[in-house]
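Next come the chains, spelled out residue by residue.
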Amino acid sequence: MDISSFNPDFRNKESGRISQRPDLLSELQKGSKQALAKAITLTESTRPEDRQVVREIVQQCNHEGKSIRIGITGVPGVGKSTFIDQLGNYLIREKNKKVAVLAVDPSSGRSGGSILGDKTRMEKLVLNDSAYIRPIPSRKELGGVTSGLSDAIVLAEEAGFDVVFVETVGVGQSETEVSQLVDIIVFLLLPNSGDDLQGIKRGIMEEVHIVAINKSEGENLPSAKKTKMLLDTVLQIMPGPVEGEKREVLLCSAQDGNGIKELWESISGLQNRIEKSAWLRENRKLQKVNRLQYYLDSLLRDSFYHNSNVSDAIAKYTKEVELGKMDAYNAALEIFKNFK
Ligand SMILES: Nc1nc2c(ncn2[C@@H]2O[C@H](COP(=O)(O)OP(=O)(O)OP(=O)(O)O)[C@@H](O)[C@H]2O)c(=O)[nH]1
Ligand SMILES: [Mg+2]
């Protein structure tokens, strides 16, 4: 469908001409990084007409399945960006890949997400023609991280990037959300994490596919090896995301580049197996269904709290509860009756 005929708002209000945006998809498909940047910016827009353009473009993207989506997670400072910098360059150099990096950046929401913040400091990759790096602000409105990011992934794939890295923050909500968007999660740990395995949330451990102990060099090596032994044992008794897969714990140094090749072998080996076993396809299907549920929840929540009858009832019944005239459950039921 011609996008311009779909929504009259595509007519540029000042000039009255049809906007250039329908060309965005074809530019994107030619691999233009500029077009990709523009399209991702549209996903971050709050204007309904921009979102409509994004929806139309995403709907027409058909590169799904031609790339691998890899989440890189771990505590701040563990070396995620440095790791992606090394692995990305390796993939471009040795495997002839095109690499996109989407970095979930809790700070870039404030600055509009336009400048490359700390999270995206990937010195070598940023200079590489075959790489595209972009911070994604983690917003808390409709869809949270997921809505913009899931579109950005699809757009990057459409632009021909066959490895998409998502760098996430190792704390809180965005990490769980990101696991709903990628195929394989690599969890980076520090060499001395063995002392503090309790501090690593079980929920996260169950979702990771591969563990890498970064900064495993020099005097860190003995503690890195100890941590690996501990983790090997822990992971043996903890179910992972893919049934029947033994999860690997590898040592690497993103700074020196040691172990990066082995990590890629581990990732691509897993990729082959989950493609063959159809786990990858089924997982993406499940992720889409979960996203549908997520959007439905958000829409429902939005329309509920923006309903004026509901807000009046909330004010009224909150008082009743405060005064002890009504119990919380019955008050909630009464409030809900006002939602029409
Ligand atoms: N010694 C050593 N230092 C490393 C290694 N990898 C990264 N670093 C250093 O660790 C610091 C943090 O690295 P980043 O790559 O920015 O870490 P990050 O996980 O992306 O950090 P956030 O984005 O803030 O969560 C930097 O000073 C890196 O140079 C490594 O393998 N060995
Ligand atoms: Mg970083």
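Values in this document were obtained by computation on a predicted structure and should not be read as measured data.

Some words on the overall build of the protein chain
Okay, so step 1: For the protein chain, the count of helices and strands is 14 helices and seven strands.
Okay, so step 2: Every one of the 340 residues in the protein chain was classed for burial, and the buried ones make up 48%.
Okay, so step 3: Across the protein chain, the fraction of contacts at a sequence separation of at least 24, relative to all contacts at a separation of at least 6, is 76%.
Okay, so step 4: Surface summary for the protein chain: the accessible area is close to 17800 Å², and the carbon and sulfur share equals 52%.

Some details on the environment of Ser253
Okay, so step 1: Looking at the secondary structure, you find Ser253 in the loop between strand S7 (248–251) and helix H11 (260–276).
Okay, so step 2: Non-local contacts of Ser253, meaning those with residues more than four positions away in its chain, are made with Asn214, Lys215, Ser216, Glu217, Asn258 and Ile260.

Focus: the pairing of strand S6 (residues 210–213)
Okay, so step 1: Residues Ile210 and Ala212 line one face of S6 and the alternating positions Val211 and Ile213 line the opposite face, and both faces are buried.
Okay, so step 2: Crossover S6 to S7 through helix H10 (residues 221–237) is right-handed.

Quick look at empty space enclosed by the protein
Okay, so step 1: In the structure shown here, the tally under the stated rule is one cavity of 30 Å³ or more.
Okay, so step 2: In this structure, the largest cavity encloses a volume near 100 Å³.
Okay, so step 3: Looking at the largest cavity, the residues that line it are His209, Ile210, Gly240, Pro241, Val242, Glu245, Lys246, Arg247, Glu248, Ser266, Leu270 and Arg273.
Okay, so step 4: Broken down by element, the residue count for the lining of the largest cavity peaks at three residues, all from H11.

Topic: the coordination of the magnesium ion (ligand 2)
Okay, so step 1: Those protein atoms acting as donors to the magnesium ion (ligand 2) are Ser81 (OG) and Glu167 (OE), and they sit at 2.1 to 2.2 Å. Highlighted residues: Ser81 in helix H5 (residues 80–95) and Glu167 in strand S4 (residues 163–167), separated in sequence by 86 residues.
Okay, so step 2: Judged by its relative accessible area of 3%, Glu167 falls in the buried class.

What to know about the pattern of salt bridges
Okay, so step 1: One pass over the structure, following the stated rule, counts 13 salt bridges.
Okay, so step 2: Put simply, Glu94 and Arg93 hold a salt bridge, and the shortest N to O gap is 3.3 Å.
Okay, so step 3: One network of salt bridges, with partners in common, ties together Arg47, Glu49 and Asp50.

Re the site of ligand 1
Okay, so step 1: Lining the immediate environment of ligand 1, one finds 16 residues, of which Lys80, Ser81, Thr82, Glu217 and Ala254 sit closest.
Okay, so step 2: One nitrogen or oxygen atom from the side chain of Lys80 is found 2.8 Å from an oxygen atom belonging to ligand 1.
Okay, so step 3: The protein chains hide 70% of the 650 Å² of surface that ligand 1 would expose on its own.
Okay, so step 4: Per element, the largest residue contribution to the shell around ligand 1 is three residues, and it comes from H5.
Okay, so step 5: Its residues assigned to classes, the shell around ligand 1 shows four nonpolar, seven polar and five charged.

Details of the nonpolar core
Okay, so step 1: Leu36 and Leu155 are the most contacted members of the largest nonpolar core, which has 45 residues in total.
Okay, so step 2: Per element, the largest residue contribution to this core is six residues, and it comes from helix H7 (residues 144–158).
Okay, so step 3: Domain assignment of the residues forming this core places at least three in each of domain 1 (3–59) and domain 2 (68–276).
Okay, so step 4: In this structure, Ile70, Tyr90, Val99 and Phe165 belong to the second largest nonpolar core, which totals 35 residues.

Structural notes on the sheet that holds strand S1 (residues 68–73)
Okay, so step 1: Strand order in the open sheet formed by seven strands is S3-S2-S4-S1-S5-S6-S7, with parallel pairing between adjacent strands. Since the sheet does not close on itself, it has two edges, and those belong to strand S3 (131–137) and S7, each with one partner. Going across the sheet, the axis of each strand differs from the next one's by a mean of 20°, ignoring polarity.
Okay, so step 2: The pairing of S1 with strand S5 (residues 184–189) spans four bridges and is parallel. In the strand pairing of S5, Thr73 is matched with Phe187.
Okay, so step 3: Sheet strands touched by helix H3 (residues 33–43): strand S2 (99–105) and S3. Its angle to S3, the strand with the most contacts, is close to 10°.
Okay, so step 4: Its contacts with the sheet put H5 on S1, S2, S3, S4 and S5, and the angle it makes with S4 is roughly 175°.

What to know about the packing of aromatic side chains
Okay, so step 1: As enumerated under the stated definition, the model contains six aromatic pairs in all.
Okay, so step 2: Considering the side-chain rings of Tyr132 and Phe161, the 6.2 Å spacing of their centres and the 45° angle between planes classify their relative orientation as tilted. Pair noted here: Tyr132 is in strand S3 and Phe161 is in the loop between H7 and S4, with a separation of 29 residues, a long-range link. When sorted by exposure, Tyr132 lands in the same class as Phe161, which is buried.
Okay, so step 3: Grouping aromatic residues by their ring pairs yields a cluster made of Phe304, Tyr305, Phe336 and Phe339.
Okay, so step 4: Seen from the ring of Phe161, Lys98 lies directly overhead, with NZ or CZ sitting 4.5 Å from the centre.

Side note on the side chain of Asp85
Okay, so step 1: Following the sequence through the fold, Asp85 ends up in helix H5.
Okay, so step 2: Despite its burial, Asp85 pairs with no opposite charge, the nearest such side chain being Lys124 at 4.7 Å.
Okay, so step 3: Among the polar contacts made by the side chain of Asp85, one reaches the main-chain amide nitrogen of Leu125 at a distance of 2.8 Å.
Okay, so step 4: The residues touching Asp85, leaving out its near neighbours within four places in the chain, are Met122, Glu123, Lys124 and Leu125.

Procedures and definitions
- Residues numbered from 1 in each chain as written.
- Chains lettered and ligands numbered in written order.
- Predicted model: local features only at pLDDT ≥ 70, side-chain atom pairs only at ≥ 80, totals over all residues.
- Heavy atoms only, no water.
- Helix = DSSP H or I, 4+ residues; strand = E, 2+ residues; numbered from the N terminus.
- Buried < 20%, exposed > 50% of the residue type's maximum accessible area, 1.4 Å probe, protein only.
- Contact = heavy atoms within 4.5 Å.
- Areas by Shrake-Rupley, 256 points an atom, 1.4 Å probe, with all protein chains shown as cover.
- Right-handed = clockwise from strand over helix to strand, strands pointing away.
- 1 Å grid on protein atoms, 1.4 Å probe; cavity = no way out; pocket = protein on both sides within 12 Å on 5 of 7 lines; lining within 4 Å.
- Points joined across faces, edges and corners; volume = space filled by probe spheres on them.
- Donors = N, O, S within 2.8 Å, 3.2 Å for Na, K, Ca; no water.
- Salt bridge = Lys/Arg side-chain N within 4 Å of Asp/Glu carboxyl O.
- Near = heavy atom within 4 Å.
- Polar contact = N/O pair within 3.5 Å; in protein donor to acceptor, adjacent residues only side chain to side chain.
- Nonpolar A, V, L, I, M, F, W, Y, C, P; charged D, E, K, R; others polar.
- Core = buried A, V, L, I, M, F, W, Y, C linked by side-chain atoms within 4.5 Å.
- Domains from an automatic or database assignment.
- Pairing = 2+ DSSP bridges.
- Axes fitted to C-alpha atoms, helices over the stretch in contact; angles between N-to-C directions.
- Phe/Tyr/Trp six-rings, centres within 6.5 Å; stacked < 30°, edge-to-face > 60°.
- Lys NZ or Arg CZ within 6 Å of the ring centre and 35° of its normal.
- Lys, Arg positive; Asp, Glu negative; His and termini not counted.

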